Amino acid sequence: MKPYCRSLPLFVMVVLSGCAGSLTINSVPQGALISSNKQALGQSPLVITLSKDSAKAMPLAANGCYMAPGFSAQWASGAEAASPENTALCNGLDSDYVVTISRPANAPGLEKDLTVANQRENVLAQQAQAQAINNVADAIELNSMNGPGMGYGPYGYGGWGY
């Protein structure tokens, strides 16, 4: 169990309904289409939240480990690779696991795949920047709702001496 899950107060754990683990499927380079059992799941890095519901699709081995299915990766160039047929998840559903699928070195089209990976990184960086701007705008808006005399300056630390 993650150390911070054990230390959370009971009322927070009820609200959060426990701490969930994850299974992250990475590809090298990033941006490959990840599939399992011939079903497309999304682009890497793909994060699957582990829960009792998601565990229903995973067989339980005799040693108590959940067995995650195999994953395949297909890059923009058409290069393909796969993870092992099963991945043992032996530390429970509240742990984090990583499966990495590497592109075959001898497959043609590496430049195309690297370009796609760079474009994806740029988009993710722009999304993170937009989210940060929205977070700041939300914080400013919340602080302005406190109004004069509430003890908060425009940046939420009481710097105006109200």
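Remember, it's a predicted structure, so these values are computed and weren't measured experimentally. (Residues numbered from 1 in each chain as written. Predicted model: local features only at pLDDT ≥ 70, side-chain atom pairs only at ≥ 80, totals over all residues. Heavy atoms only, no water.)

Section: the overall build of the protein
Where we set the bar: A run of DSSP states H or I qualifies as a helix once it reaches four residues; a run of E qualifies as a strand once it reaches two. Both are numbered from the N-terminal end. Accessible area is worked out with a 1.4 Å probe on protein chains only. A residue is then buried under 20% of its type maximum, exposed over 50%, and partly exposed in between. What makes two residues a contact is simply this: any of their non-hydrogen atoms within 4.5 Å. Accessible areas in this description were obtained via Shrake-Rupley with a 1.4 Å probe; residue shielding takes into account the shown protein chains only.
Helix and strand counts for the protein stand at four helices and nine strands. Ordered by position from the N terminus, the helices and strands of the protein form the series α-α-β-β-β-β-α-β-β-β-β-β-α. By residue count, 28% of the 162 residues in the protein fall in the buried class. Here the analysis covers contacts within the protein between residues at least 6 apart in sequence; of these, 51% occur between residues at least 24 apart. Only carbon and sulfur atoms are counted for the fraction: they give 57% of the accessible area of the protein, which is about 10,500 Å².

Overview of the side chain of Asn26
Along the chain, the position of Asn26 falls in strand 1 (residues 21–28). Relative accessible area serves as the criterion here: at 17%, Asn26 is assigned to the buried category. What Asn26 contacts, discounting residues up to four positions off in sequence, is Ser44, Pro45, Val98, Val99, Thr100 and Ile101.

Focus: the pattern of salt bridges
A pair can form between side chains of opposite charge whenever their charged atoms are brought close. Short version of the rule: What counts as a salt bridge is simple: a side-chain nitrogen of Lys or Arg found within 4 Å of a carboxyl oxygen of Asp or Glu.
Summed over the entire model, instances satisfying the criterion amount to two salt bridges. Between Lys56 and Asp53 there is a salt bridge, with its nearest N and O atoms 3.4 Å apart. Its relative accessible area of 69% is what places Lys56 among the exposed residues. Between Asp113 and Arg103 there is a salt bridge whose closest N-O contact spans 2.5 Å. Of this pair, Asp113 sits in helix 4 (residues 110–146) while Arg103 is found in the loop between strand 9 (96–102) and helix 4, placing the two residues ten residues apart along the sequence. Neither residue differs from the other here; Asp113 and Arg103 are each classed as buried.

A closer look at the pairing of strand 3 (residues 39–43)
On a regular strand, each side chain points to the face opposite its neighbour's, so the side chains alternate between the two faces of the sheet. Stated precisely, the cut-off is as follows: When DSSP finds two or more bridges between a pair of strands, those strands are recorded as paired.
Direction of pairing for strand 2 (residues 33–36) relative to strand 3: antiparallel, over a ladder of four bridges. Its bridge partner being in strand 3, Leu33 is matched across the sheet by Gln43. Taken together, strand 2 and the strand that follows it, strand 3, pair antiparallel across an intervening segment of two residues, in which Asn37 is found at a positive phi of about 50°.

Observations regarding the sheet that holds strand 1
Cut-off, in case you're wondering: Only C-alpha atoms enter the line fits that serve as axes; for helices the fit covers just the stretch in contact. Angles between N-to-C directions range over 0 to 180 degrees.
Strand order in the open sheet formed by three strands is 4-1-9, and the pairing between neighbours is mixed. At either end of the open sheet lies a strand with only one pairing partner, and these are strand 4 (46–50) and strand 9. Within this sheet the neighbouring strands show an average axis-to-axis angle of 15°, counted without direction. Summarising the sheet, strand 1 and strand 4 pair through five bridges and their orientation is antiparallel.

Quick look at the state of the cysteines
What counts, and what does not: Defined by distance alone, a disulfide is two cysteine sulfur atoms within 2.5 Å.
Counted by the stated rule, this structure contains one disulfide. Across the disulfide from Cys65 sits Cys90; the S-S distance is 1.8 Å. With the S-S dihedral at roughly 110°, the linkage between Cys65 and Cys90 falls on the right-handed side. One end of the pair, Cys65, is in the loop between helix 3 (52–55) and strand 5 (66–69); the other, Cys90, is in the loop between strand 8 (86–89) and strand 9, and 25 residues separate them in sequence. Its relative accessible area of 3% is what places Cys65 among the buried residues.

With respect to the side chain of Thr87
Its location among the elements puts Thr87 in strand 8. Judged by its relative accessible area of 16%, Thr87 is buried.

Concerning the sheet that holds strand 2
With respect to topology, four strands assemble into an open sheet ordered 3-2-6-7, the strand pairing being antiparallel. The open sheet has two free edges, formed respectively by strand 3 and strand 7 (80–82), since each of these has just one partner strand. Strand-to-strand, the axes of this sheet are offset by a mean angle of 25°, without reference to chain direction. Sheet topology places strand 2 next to strand 6 (residues 72–74); three bridges connect them, and they run antiparallel.

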